[in-house]
Amino acid sequence: MKKKLSTSGLIDTPNLKLEWIEAVWDTVIFGYPVIQITQISAQTSNANHDFNIFNNDRNSLGCGLVSCRLYHEQLRESMLLEANDFRFIEMVYHPELDCLPVKAFTPDLSLKIDTANAADLPTVLEIAGNAFRSERFCVDPRIDSALSDQRYCNWINNSLSHATQRLYVIRDQLRIVAFFITELQTNGTCYWHLTAVAPDVQGQGY
């Protein structure tokens, strides 16, 4: 019987540690299985030999796309992925402030933040389908950018009924000018997932 790649998997050998999951939200968009590598550690120079275990399983599933995010110091892993036909697409920054300065802010009373409701959905979907022009699926020339837009629209649709995510809209008077999504994680952290400003008001200080 031919072995199939499951929705999650693990290779743990002296040469390579590799974990993956199926990105089911992307599988829906692309129409074929999409895999996301969540952890990779090339522990010896023979890691490429064991990476073929993943390649064989990926091919048996008919997976059309695999993505992986690396820390900048993971050069050995980057070279391993490049040797297996991966291509660099984007750099992601994670800025941090150790402590916020004490400063008095004057609130902008013209702006209001509300939890989104079904009536807000058409406007938010319009923003989501047009605001993201620098993310990885949009800039990758091998992928139809319309699929990238659909990913965000699906995310917005799903957020209204999500158990831990919340969709918020920012209004200037009555007009929705931006949105963002937060998620309460199991460790008590409130993670700010997604932010977009309507394209026609970008560059105006929002």
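Structure first, text after, so check above.
Residues numbered from 1 in each chain as written. Predicted model: local features only at pLDDT ≥ 70, side-chain atom pairs only at ≥ 80, totals over all residues. Heavy atoms only, no water.

A. Structural context of the pattern of salt bridges. Throughout the structure, instances matching the rule amount to 10 salt bridges. Two residues, glutamate 135 and arginine 151, come together in a salt bridge whose shortest N-O distance is 3.7 Å. Of the two residues, glutamate 135 is situated in the loop between α4 (121-131) and α5 (136-139) and arginine 151 in helix α6 (residues 145-159); the sequence distance between them amounts to 16 residues. You can call glutamate 135 buried: its relative accessible area is 9%. A relative accessible area of 15% places arginine 151 in the buried class. Measuring nitrogen to oxygen at the nearest pair gives 2.8 Å for the salt bridge that ties arginine 142 to aspartate 140. On the accessibility criterion, arginine 142 (56% relative accessible area) is exposed. (Salt bridge = Lys/Arg side-chain N within 4 Å of Asp/Glu carboxyl O. Helix = DSSP H or I, 4+ residues; strand = E, 2+ residues; numbered from the N terminus. Buried < 20%, exposed > 50% of the residue type's maximum accessible area, 1.4 Å probe, protein only.)

B. Just the sheet that holds strand β4 (residues 65-68), in detail. Read across the sheet, 4 strands follow the order β1-β2-β3-β4 without closing on themselves; strand pairing throughout is mixed. Because the sheet does not close on itself, it has two edges, and the strands there are β1 (8-12) and β4. Neighbouring strand axes in the sheet, compared pairwise and without regard to direction, differ in orientation by 20° on average. Those strands touched by helix α2 (residues 47-61) are β1, β2 (16-22), β3 (34-42) and β4, and its axis lies near 20° from that of β2. Here helix α3 (residues 75-82) sits on the sheet in contact with β2, β3 and β4, set at roughly 135° to β3. (Pairing = 2+ DSSP bridges. Axes fitted to C-alpha atoms, helices over the stretch in contact; angles between N-to-C directions. Contact = heavy atoms within 4.5 Å.)

C. Structural view of α4. Here α4 has its buried residues at Leu121, Val124, Ile127, Ala128, Gly129 and Ala131. Turning to α4, the residues buried within the fold contact α6, β6 (165-172), β7 (175-184) and β8 (190-197).

D. Main features of the packing of aromatic side chains. Under the defined criterion, the tally for this structure stands at 9 aromatic pairs. Looking at arginine 151, its charged tip hangs above the ring of tyrosine 152, at a distance of 5.9 Å from the centre. (Phe/Tyr/Trp six-rings, centres within 6.5 Å; stacked < 30°, edge-to-face > 60°. Lys NZ or Arg CZ within 6 Å of the ring centre and 35° of its normal.)

E. Local environment of the side chain of serine 159. Among the structural elements, serine 159 can be located in helix α6. For serine 159, a relative accessible area of 2% corresponds to the buried category. The residues touching serine 159, leaving out its near neighbours within four places in the chain, are Gln165, Leu167 and Ile181.

F. Local environment of unusual backbone geometry. Here aspartate 85, not a glycine, exhibits a phi torsion of approximately 75°, which is positive. What makes aspartate 85 exposed here is its relative accessible area of 62%. Even without being glycine, glutamine 173 reaches a positive phi, approximately 60°. Using a relative accessible area of 56% as the deciding quantity, one classes glutamine 173 as exposed.

G. Local environment of the pairing of β7. Among the 10 residues that make up β7, 8 are buried, leaving the element largely enclosed by the rest of the structure. Bridge count between β6 and β7: 8 bridges; the pairing is antiparallel. Pairing of leucine 167 across the sheet is with isoleucine 181, part of β7. Count of turn residues in the β6/β7 antiparallel hairpin: 2 residues, of which glutamine 173 carries a positive phi of about 60°. Inspection of the sheet shows β7 paired to β8 by 7 bridges, in the antiparallel sense.

H. Fine view of a nonpolar patch on the surface. A cluster of nonpolar side chains, Phe88, Met91 and Tyr93, forms an exposed patch at the surface whose accessible area comes to about 440 Å². Topologically, methionine 91 is positioned in the loop between α3 and β5 (111-115). (Patch = residues over 30% accessible without salt bridge, like charges linked within 9 Å, V, L, I, M, F, W, Y side chains within 5 Å. Areas by Shrake-Rupley, 256 points an atom, 1.4 Å probe, with all protein chains shown as cover.)

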